[in-house]
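Secondary and tertiary structure notes
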Amino acid sequence: MPIDPFEIYAIRYAHLGNRHAGENFLLADPHEYASDLDYFVWVLRRGGTSIVVDTGFGEEAARSRKRELLRSPAATLPLLGLDASAIADVILTHLHYDHAGNLADFPRARFHIQDREVAYATGRGMCHPALRAPFDLSGVLEIVRRVYAGRVEFHDGNTEIAPGLNAYRVGGHSAGLQILRVWTRRGWVVLASDAAHLYAHFEQGRVFPVVYNVEEMLEGYKLLYQLADSPDHIVPGHDPLVMQYYPAARPDLEGIVVRLDCAPKR
Ligand SMILES: [Zn+2]
Ligand SMILES: [Zn+2]
């Protein structure tokens, strides 16, 4: 039986400018161009079912980390006709502060995450300030609370979450980072999340400086190409170019929500 395709929406909820190249690339030339970062959460929609991918950060993290919070991800969902409090499934690509905050906005959700990510975020690596820097303790504690409440679905490596929706553990940037392969009307799209912050990372084989294992990060780029129907089917996790390449979900959502199941104009 053919699989029904998902629609994929990327919601841009925050921004960070004024970067230098060394913040985007390991071994950067200090004079080279440094892209800004956009911050996204994603929505997969099929029939009456909507799955949220990542939950973003809130005002406290925006203040303490000096990021520009444009809108609350949960408060933006009504623009797509969705109510965060009714969402049944949330996939967390990893537990960094910008992907796994705001969990209380999703009171009915089951949270899908890799075994390795929860073990990493609560294990010995977090004794090192450099490794725990991208995590917020409050967000990690919220995940542990959901574990004890029976609201976390653990995945170990590659899994089918639903027909046409598969998760693959990449690691690299964080020990249990997972990417998603999603069936759409234009074929298999891969949401790379932080397996590739920018197009430049996977296209040029460059390394983002927040990294747990460089070899896994580079192997992850190969996996992106293997799983996507074409390079144009790979969606990086923080690249402002995503907002330029993909069409707005509706004219009134220009600059806020784009459709990733439409072909990009590159
Ligand atoms: Zn990350
Ligand atoms: Zn991130």
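The structure contained in this document is the topic of the report that follows.

Reading the values: the criteria
Residues numbered from 1 in each chain as written. Chains lettered and ligands numbered in written order. Predicted model: local features only at pLDDT ≥ 70, side-chain atom pairs only at ≥ 80, totals over all residues. Heavy atoms only, no water. Donors = N, O, S within 2.8 Å, 3.2 Å for Na, K, Ca; no water. Tetrahedral: all angles 85-135°; square planar, octahedral: opposite > 155°, others 65-115°. Helix = DSSP H or I, 4+ residues; strand = E, 2+ residues; numbered from the N terminus. Buried < 20%, exposed > 50% of the residue type's maximum accessible area, 1.4 Å probe, protein only. Core = buried A, V, L, I, M, F, W, Y, C linked by side-chain atoms within 4.5 Å. Contact = heavy atoms within 4.5 Å. Phe/Tyr/Trp six-rings, centres within 6.5 Å; stacked < 30°, edge-to-face > 60°. Salt bridge = Lys/Arg side-chain N within 4 Å of Asp/Glu carboxyl O. Pairing = 2+ DSSP bridges.

1. Here we look at the coordination of the zinc ion (ligand 1)
Bound to the zinc ion (ligand 1) are the protein donor atoms His94 (NE2), His96 (ND1), His173 (NE2) and Asp194 (OD), situated 2.1 to 2.2 Å from the metal. With 4 donor atoms in place around the zinc ion (ligand 1) and angles of 88 to 174 degrees between them, the coordination shape is irregular. If you list the donors of the zinc ion (ligand 1) from N- to C-terminus, the spacing comes out as H-x1-H-x76-H-x20-D. In this structure, the zinc ion (ligand 1) lies 3.5 Å from the zinc ion (ligand 2), and both are coordinated by aspartate 194. Of the two residues, histidine 96 is situated in the loop between β5 (89–91) and β6 (110–114) and aspartate 194 in the loop between β11 (187–193) and α7 (199–204); the sequence distance between them amounts to 98 residues. The residues histidine 96 and aspartate 194 share a single accessibility class, namely buried.

2. What about the nonpolar core?
One finds Leu77, Leu92, Leu95 and Phe106 to be the most contacted residues of the largest nonpolar core, which totals 45 residues. Counting residues per element, the ones that place at least two in this core are β1 (7–16), β2 (37–46), α2 (59–65), β6, α4 (115–121) and α6 (137–148). In terms of residues, this core owes the most to one element, β1, which gives 5 residues. Apart from residues lying up to four places away in sequence, leucine 95 is in contact with Ala100, Ile113, Glu117, Val118, Ala121, Phe135 and Ile143. Residues Ala162, Val190, Phe202 and Tyr246 belong to the second largest nonpolar core, which totals 42 residues.

3. A closer look at the environment of leucine 95
Of note, leucine 95 is situated in the loop between β5 and β6. Relative accessible area serves as the criterion here: at 5%, leucine 95 is assigned to the buried category. Along the backbone, leucine 95 and aspartate 136 are 41 residues apart, and their C-alpha atoms lie at a distance of 8.6 Å.

4. Some points on the coordination of the zinc ion (ligand 2)
The protein atoms that coordinate the zinc ion (ligand 2) are Asp98 (OD), His99 (NE2), Asp194 (OD) and His238 (NE2), at distances of 2.1 to 2.3 Å. Around the zinc ion (ligand 2), the 4 donor atoms sit at angles spanning 87 to 152 degrees, and that spread fits a shape best called irregular. In the primary sequence, the donor residues of the zinc ion (ligand 2) line up as D-H-x94-D-x43-H.

5. So, the packing of aromatic side chains
Under the counting rule described, the total for this entry stands at 11 aromatic pairs. Ring centres of tyrosine 13 and phenylalanine 57 lie 5.1 Å apart, and the angle between their planes is 70 degrees; this geometry places the pair in the edge-to-face category. Pair noted here: tyrosine 13 is in strand β1 and phenylalanine 57 is in the loop between β3 (49–53) and α2, with a separation of 44 residues, a long-range link. Under the relative-accessibility criterion, tyrosine 13 is labelled buried at 0%.

6. Here's the deal with the pattern of salt bridges
Scanning the model with the defined rule gives 15 salt bridges in all. We note a salt bridge from arginine 145 to glutamate 142, for which the minimum N-O separation is 3.2 Å. One end of the pair, arginine 145, and the other, glutamate 142, are both in helix α6, 3 residues apart, so they sit about a helical turn from each other. A salt bridge links glutamate 216 to arginine 169; the shortest N-O distance between them is 3.1 Å. With a gap of 47 residues between them, glutamate 216 in helix α8 (residues 214–227) and arginine 169 in strand β9 (residues 165–169) connect regions that are remote in the sequence. A cluster of three or more residues bridged by salt bridges with shared partners is formed by Asp89, Arg110 and Glu153.

7. Quick word on the pairing of β6
Most of β6 sits out of view: 4 of its 5 residues are buried. Bridge analysis of β5 against β6 gives 3 bridges, and the strand direction is parallel. Bridge pairing links aspartate 89 to arginine 110 in β6. The pairing of β6 with strand β7 (residues 152–155) spans 4 bridges and is classified as parallel. Paired with histidine 112 across the strands is glutamate 153, a residue of β7.

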